[in-house]
Amino acid sequence: MKASAALPDRRLLLGVLLVLLVALLGWQNVLNLRAEEPRRALVSLEMWLTGDYLVPHINGYPYYNKPPLFNWIMAGFYQLTGSAEPWVVRLPSLLGLLGLSYTHFRVSRRYLGRDRALWSALALLTTMDILFYASVNSGEIDLLYAWVVYLQAITVFHYQQRGDFWRMYLISYVLTFVGFMLKGLPSLAFQALTILAWLLANRQWKKLFHPAHFVGIALLAALFASYFVPYGQREDWLGFLVRQYKEASQRTGLEAHWTDTLLQTLLNPLRFAQLLLPWSLLLIPLFRLKEMRQQISSAWRENAFIRFSVLFVAANVWLYWLTPDFKARYQYMFFPFVLSLLFFPQGLTARWWSVRVFLFAALLLAPAVLLLDYFAELPHLALRATLVFLGLIGVLVGYFRGGRSVLWIVLFMAVARIGYNELYLRAWRADASVNRNAQIGADLVRLTDGAPIHLYGTPYTFKSDASLGPLNFGEVELTTAPLIPYALPYTVTRGTGAVMQFETELRSGVYYVADVAVTDTVAYPPLYRFEDRWQGRWYVLIEP
């Protein structure tokens, strides 16, 4: 009886996983690269084409904003697939997201039970922000980085529980280095704050002085040296590190007025809850239920994973909340821990009314969205929309007839994402205004018959400092290629198979995209003219 009773849920689970994977992995080549994706893709593409994996470059000039590991991984996927198309660019972080969800399930099921671990792992994939933004624009670093930070934190938790401090320190410091090489200095803060908070909470502060800790720090230093010593033989390693500090400090409130920081800090928890919809709605009745408060109190004393989840978030989230510059993508490593807290209490059925209201509201509002002019030119709009709408209704019917399982809600979100793919992504693809830079790049490749195209103008020189509030510990001046929408050089480089090299001197017989402000267009008649709306500059295609 037990096995046969579990069979429908098992079938439902397999069906939900299949639909969810199709929703997440499908349609990845429909949308052109956008936001930060073209920059990540371009740096990786130049690595792949030149074979120079030591120093990241954009337009042939050093790129200082991020360490190179994400570009190494992406270039590896280029090599593996023989392509640099958008779906390849997005694949590493999509796999990182799936890895994060699976790892969280495997780790948490021992402490939450199989069902709640599964629910929180699937909820991670179906939060509003991850489902409709992060996994769509997955050519960025953050989903993969969240997985590395999760592994780093869980290593501290797992081996501390076993009393194995050698593995705790050595493995977590290796993961700290991996995280640094993905995204820079935040990994150092995660390591320090997580270890400190967890050991203090367990009254093991003396373990901070365990020999393994010093060996772990030495190992981290050796790993840093393995990259920065050869890097320093070619480029300014100190300037690179100062830039990493600047990139990290810009995400905090150190460089904003205190009133802006205070106001936005008060709003940031609400923004975080918005990212976790619909699952954050489980919070609405939570604190009115006495038995649930008692469960949470009991869990704090008896469940080490719940206690670690609270402490990890509390110790680290302020790095991103005490700032007026709230970025959704910097929060992803906290999602598994917060979802574990949401799903942990027993008596979940008393809290599902809020999520059901959300689903019905989404279903009722969905047709109204299609009245926007944005979808007017989409072929077969009525048929596409009707199929999606019927699919959502079918899932809700299944929810009420199938025991109101959490899996049906996950399935609802997955079908909604498929509708998003078929309607919004295809309408976006057809919108010339949002794909303008990619189209300009394609025009340039066509006009030059795929010949190499270089970039001409004035180098971009900027200062970067290492400062803490009013204290400035040093400043460097860095020079890179002029800023230009990255979708354009990515499209040109992919189309020509050659780096869109920036040069300050014109050479005969070479095609250039040149800044009109520093180009003699009388001596060099333009073959093509376009405006960079990002910088408000005009460029021309010339052949000296």
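Report follows, based on the coordinates. In this text, all values refer to a predicted model and were calculated from it rather than measured experimentally. (Residues numbered from 1 in each chain as written. Predicted model: local features only at pLDDT ≥ 70, side-chain atom pairs only at ≥ 80, totals over all residues. Heavy atoms only, no water.)

## Remarks on the packing of helix α20 (residues 436-447) against helix α21 (residues 487-496)
- It is at 8 Å that the axes of α20 and α21 come closest, and there the two elements cross at 35°. Regarding α20 and α21, the two cross each other, and that crossing is right-handed. Side by side, α20 and α21 meet where N437, A438, I440, G441, A442, L444 and V445 of the first sit next to A487, L488, T491, V492, G495 and T496 of the second.
- The residue makeup of the contact of α20 with α21, split by class, is 8 nonpolar, 5 polar and no charged. (Axes fitted to C-alpha atoms, helices over the stretch in contact; angles between N-to-C directions. Helix = DSSP H or I, 4+ residues; strand = E, 2+ residues; numbered from the N terminus. Left-handed = near helix turned anticlockwise from the far one by under 90°. Contact = heavy atoms within 4.5 Å. Nonpolar A, V, L, I, M, F, W, Y, C, P; charged D, E, K, R; others polar.)

## Some points on empty space enclosed by the protein
- Applying the stated criterion to the full structure yields 2 cavities of 30 Å³ or more.
- Size it by volume and the largest cavity reaches roughly 50 Å³.
- If you go around the largest cavity, the residues you meet are Y133, A134, N137, S138, E140, D142, L143, R329 and Y332.
- If you list the elements that add at least two residues to the lining of the largest cavity, you get α6 (128-134) and α7 (142-162).
- When the residues that make up the lining of the largest cavity are grouped by side-chain class, the tally is 4 nonpolar, 2 polar and 3 charged.
- Quantified by volume, the second largest cavity comes out at close to 30 Å³.
- Taken together, W27, Q28, L31, R90, V136, R417 and L425 form the lining of the second largest cavity. (1 Å grid on protein atoms, 1.4 Å probe; cavity = no way out; pocket = protein on both sides within 12 Å on 5 of 7 lines; lining within 4 Å. Points joined across faces, edges and corners; volume = space filled by probe spheres on them.)

## A short note on unusual backbone geometry
- Cis peptide bonds are those with omega within 30 degrees of zero, and the linkage from L277 to P278 qualifies with 0°.
- Topologically, P278 is positioned in the loop between α12 (258-275) and α13 (290-302).
- Phi is positive for W27, close to 65°, though the residue is something other than glycine.
- Residue position: W27 is located in the loop between α1 (2-25) and α2 (37-50).

## Describing the pairing of strand β8 (residues 528-532)
- Of the two faces of β8, only the one carrying Y528, F530 and D532 is buried; R529 and E531 on the other face are not.
- Between the antiparallel neighbours β8 and strand β9 (residues 537-542) lie 4 residues, among them G536 with a positive phi of about 70°. (Buried < 20%, exposed > 50% of the residue type's maximum accessible area, 1.4 Å probe, protein only. Pairing = 2+ DSSP bridges.)

## Here we look at the pattern of salt bridges
- A complete count under the given rule lists 13 salt bridges for this structure.
- Among the salt bridges present, the one from D52 reaches R234, with a minimum N-O distance of 2.6 Å. Linking D52 in the loop between α2 and β1 (57-58) with R234 in the loop between α10 (211-232) and α11 (237-249), this pair joins segments that are 182 residues apart in sequence.
- In this structure, D443 and R446 form a salt bridge, with 3.5 Å as the shortest nitrogen-oxygen distance. With D443 and R446 both in helix α20 and 3 residues apart, the pair spans about one turn of that helix.
- Residue D443 is classed as buried on the basis of its relative accessible area, which comes to 13%.
- R446 gets classed as exposed once you look at its relative accessible area, which sits at 52%.
- Beyond isolated ion pairs, a larger network of salt bridges with shared partners links E140, D142, K183 and R329. (Salt bridge = Lys/Arg side-chain N within 4 Å of Asp/Glu carboxyl O.)

## Some remarks on the layout of surface pockets
- What the largest pocket holds in volume is close to 660 Å³.
- Contributing to the lining of the largest pocket are 24 residues, with A362, A366, V369, A416 and Y420 lying nearest its centre.
- Listing elements by their share of the lining of the largest pocket, those giving two or more residues are α6, α17 (353-369), α18 (381-401) and α19 (406-429).
- Across the lining of the largest pocket, the residue classes tally to 22 nonpolar, 2 polar and no charged.

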